[in-house]
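# Analysis of the macromolecular model
Single-letter residue listing:
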There are 2 protein chains.
Amino acid sequence: MGRTRIRDIRHEELINATITAVHKRGYAVVTMAEIAAEAGASAASINYYFGSKEKLMEATMRRLLSQLKNAMLERYATAKTPHDRLMAVIDANFSDRLFTNEQCSIWIQFWANAPYAESLQRLHRINRARVTAHFRAELRTLVPEERRETLREALQCYMDGVWLEAAQCDTPLNPAQARKEAREVADLMIQSQD
Amino acid sequence: MGRTRIRDIRHEELINATITAVHKRGYAVVTMAEIAAEAGASAASINYYFGSKEKLMEATMRRLLSQLKNAMLERYATAKTPHDRLMAVIDANFSDRLFTNEQCSIWIQFWANAPYAESLQRLHRINRARVTAHFRAELRTLVPEERRETLREALQCYMDGVWLEAAQCDTPLNPAQARKEAREVADLMIQSQD
DNA sequence: AAAATTGAAATGATCATTTAAAAAATAGAC
DNA sequence: GTCTATTTTTTAAATGATCATTTCAATTTT
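The structure displayed is predicted, hence computed values, not measured ones.

### Details of the overall build of chain A
The helix and strand inventory of chain A stands at nine helices and zero strands. Referenced to the eigenvectors of the C-alpha coordinate spread, the extents of chain A come out at roughly 60 × 40 × 30 Å. Within chain A, the proportion of its 194 residues that are buried is 39%. Restricting the contact set of chain A to residue pairs at least 6 apart, pairs at least 24 apart contribute 66%.

Have a look at this one:
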């Protein structure tokens, strides 16, 4: 049965340890030993399971992106109107699971390193393209064509900017508040097409 | 007379080299030797003039922040109405001098590292507080109180997000286009207070 | 017993920073 | 203006520290 049981457990543990350790120390300076210590393992284990530090970072980002994707799809499933679906994308971005100090830290590190690592850049593009596609689809029925792209771009930049600022914040984040504000901002922009 | 002539020249050269080198290689991995080579100098020179790698980075950020401040003040001087002044802040952020691939790269690196370096964090807070203050002052007469802070926060996050996205872009940026879009976004948000 | 997992210690590479001596600039006296 | 003396600037090489990664023997799991 559980042929890969321990392997799966270690992957999970080490990725979680990476998130915590990167949040504490920064992607640039965190060492394998620190990440390993965070998981109660040794640096050699990480190489055994992931092959290298770079691959561990990539696996960690892949995990975060997949969580974001799932959060979006979950909410999409129950949304009925285009407006509901637009809000679903927004809510997913600021969901309780994702919008935490730890994860915001990682995202910044991810953004900062994407231009210098092919694999991260690829992940970044895929992720952004997905959000863009969802926004485009929903805005089609909500705003007139001449404003649509400007507005979509503005919304996406706004959301990225919120994450950026959140990463600078050392007190606990408030996802519910972030969702509320983001919804307000989105409605403000949409409504101005009277 | 020019007692500090060479010193000033080297400071300028090395800060410019830092901007270029960090853009090319990333803050995390760029070495003193690479920065020095970019300026046609040696790594020892950098330590002679700046004391350490960290202090060089700090000096570089200080330079960029001061350029942003000056760009804002310049435009503020000729702006007459609150609306003009709001646009002055926006235009400064996306001015031809500042909104370049190289500088966007550095800003991301700066944001990513601010949480882990006291000195960078300080600079970041001062800068953000300045933009916040300007926006608050101008929005006071432009939007009703209940929407004001939400809107200000949204505008600031939007601008940060634009920089973030620009840093991922490997084709030359278009500052004029960015100014136009940012103005549109700002007007869209302001006008929605009918 | 065979395969998977773990970690202590070794390896090898990379770098920031220091050192010390040379080279260049500057000033003061003539 | 020219010639020392002094200070400033520059670099090559040395230093010392840090780390990712590998190795290999021990341990655990199947």
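On we go.
### Thoughts on the protein's contact with DNA strand D
The local shell around DNA strand D holds 20 residues, among which Thr31(A), Met32(A), Ser52(A), Lys53(A) and Ala44(B) are the closest. Elements represented by at least two residues in the surface near DNA strand D include exactly α1 (5-25), α2 (32-38), α3 (43-50) and α4 (53-78) of chain A together with α1 (5-25) and α3 (43-50) of chain B. When its residues are assigned to classes, the surface near DNA strand D shows nine nonpolar, six polar and five charged.

### Considering the protein's contact with DNA strand C
Around DNA strand C sit 20 residues, and of these Ala44(A), Thr31(B), Met32(B), Ser52(B) and Lys53(B) come closest. Every element with two or more residues in the surface near DNA strand C is listed here: α1 and α3 of chain A together with α2 (32-39), α3 and α4 (53-78) of chain B. Taken together, the residues of the surface near DNA strand C break down into eight nonpolar, six polar and six charged.

### As for the packing of helix α6 (residues 101-113) of chain B against helix α8 (residues 145-167) of chain B
Packed helices, taken two at a time, are described by the angle between their axes plus the distance between the axes. Residues and elements named next belong to chain B. For the pair α6 and α8, interaxial distance at closest approach is 8 Å and the crossing angle is 110°. Compared by their axis directions, α6 and α8 come out roughly perpendicular. Viewed along their axes, α6 and α8 form a crossing whose handedness is left-handed. Of the residues in α8, those touching α6 at Cys 104, Ser 105, Trp 107 and Ile 108 are Trp 163, Leu 164, Ala 166 and Ala 167.

### Quick look at the packing of helix α5 (residues 82-93) of chain A against helix α9 (residues 175-191) of chain A
Residue and element names in this part refer to chain A. Two numbers describe how α5 lies on α9: the axes approach to 9 Å, and their chain directions differ by 140°. Relative to α9, α5 is oriented so that their crossing is right-handed. For the pair α5 and α9, the contacting residues are Leu 86, Met 87, Ile 90 and Asp 91 in the first and Arg 179, Ala 182, Arg 183 and Ala 186 in the second. The residue inventory of the contact of α5 with α9, partitioned by class, reads five nonpolar, no polar and three charged.

### Brief notes about the nonpolar core
With 112 residues, the main nonpolar core has Ile108(A), Tyr158(A), Met189(A), Ile108(B), Tyr158(B) and Met189(B) as its most contacted residues. Sequence-distant contacts of Tyr158(B), defined by excluding residues within four places in its chain, comprise Ala154(A), Cys157(A), Tyr158(A), Gly161(A) and Val185(B).

### Concerning the confidence of the model for chain A
In this model, chain A carries a mean pLDDT of 94, and residues with pLDDT of at least 70 account for 96%. α1(A) is the least confidently modelled element of chain A, averaging 94 in pLDDT, while α2(A) averages 97, the highest of any element.

### A short note on α4(A)
Under the 1.5 Å per step criterion, the end-to-end length of α4(A) is 39 Å for 26 residues, consistent within 8% with the ideal 38 Å. Structurally, α4(A) contributes buried residues whose contacts are with α1, α3, α5, α6 (101-113) and α7 (118-139) of chain A.

### With respect to the interface of chain A and chain B
If you look at the interface, chain A gives 33 residues, while chain B gives 34 residues. Mapped by element, the contributors of at least two residues to the side of chain A that touches chain B are α6, α8 (145-167) and α9 of chain A. Per-element accounting of the side of chain A that touches chain B gives the leading share, 11 residues, to α8(A). Among the residues making up the side of chain A that touches chain B, the classes are represented as 17 nonpolar, 10 polar and six charged.

### Regarding the relation of the copies chain A and chain B
The two copies are related by a screw operation: chain A maps onto chain B through 180° of rotation and 0.0 Å of translation along the axis, at an RMSD of 0.0 Å. In the structure described here, the two chain copies are related by an operation that fits a two-fold rotation axis. Comparing contact sets, 100% of the residues at the interface of chain A also lie at the interface in chain B, consistent with an isologous, same-surface contact.

### Concerning the domain arrangement of chain A
Residues and elements named next belong to chain A. Parsing chain A into structural domains produces domain 1 (1-51) and domain 2 (60-191). Computed over C-alpha atoms only, the centres of domain 1 and domain 2 are separated by 27 Å. Taken together, the eight residues of domain 1 in the interface contact nine residues of domain 2. Of the residues in the side of domain 1 that touches domain 2, the class split is four nonpolar, four polar and no charged.

### Some details on α6(A)
End to end, α6(A) covers 19 Å across 13 residues, agreeing with the expected 18 Å (1.5 Å per residue, within 8%). Across the 13 residues that make up α6(A), a large majority, 11, are buried. Residues of α6(A) that are buried make contact with α1, α4, α7 and α8 of chain A together with α6 and α8 of chain B.

What counts, and where the lines are drawn
Residues numbered from 1 in each chain as written. Chains lettered and ligands numbered in written order. Predicted model: local features only at pLDDT ≥ 70, side-chain atom pairs only at ≥ 80, totals over all residues. Helix = DSSP H or I, 4+ residues; strand = E, 2+ residues; numbered from the N terminus. Buried ≥ 20, exposed ≤ 12 C-beta atoms within 10 Å, placed from the backbone. Contact = placed C-beta atoms within 7 Å. Near = placed C-beta within 6 Å. Nonpolar A, V, L, I, M, F, W, Y, C, P; charged D, E, K, R; others polar. Axes fitted to C-alpha atoms, helices over the stretch in contact; angles between N-to-C directions. Parallel < 35°, antiparallel > 145°, perpendicular 65-115°, else oblique. Left-handed = near helix turned anticlockwise from the far one by under 90°. Core = buried A, V, L, I, M, F, W, Y, C linked by C-beta atoms within 7 Å. pLDDT = per-residue confidence, 0-100. Expected span 1.5 Å × (residues − 1). Least-squares fit on C-alpha atoms with pLDDT ≥ 70 in both. Domains from an automatic or database assignment.

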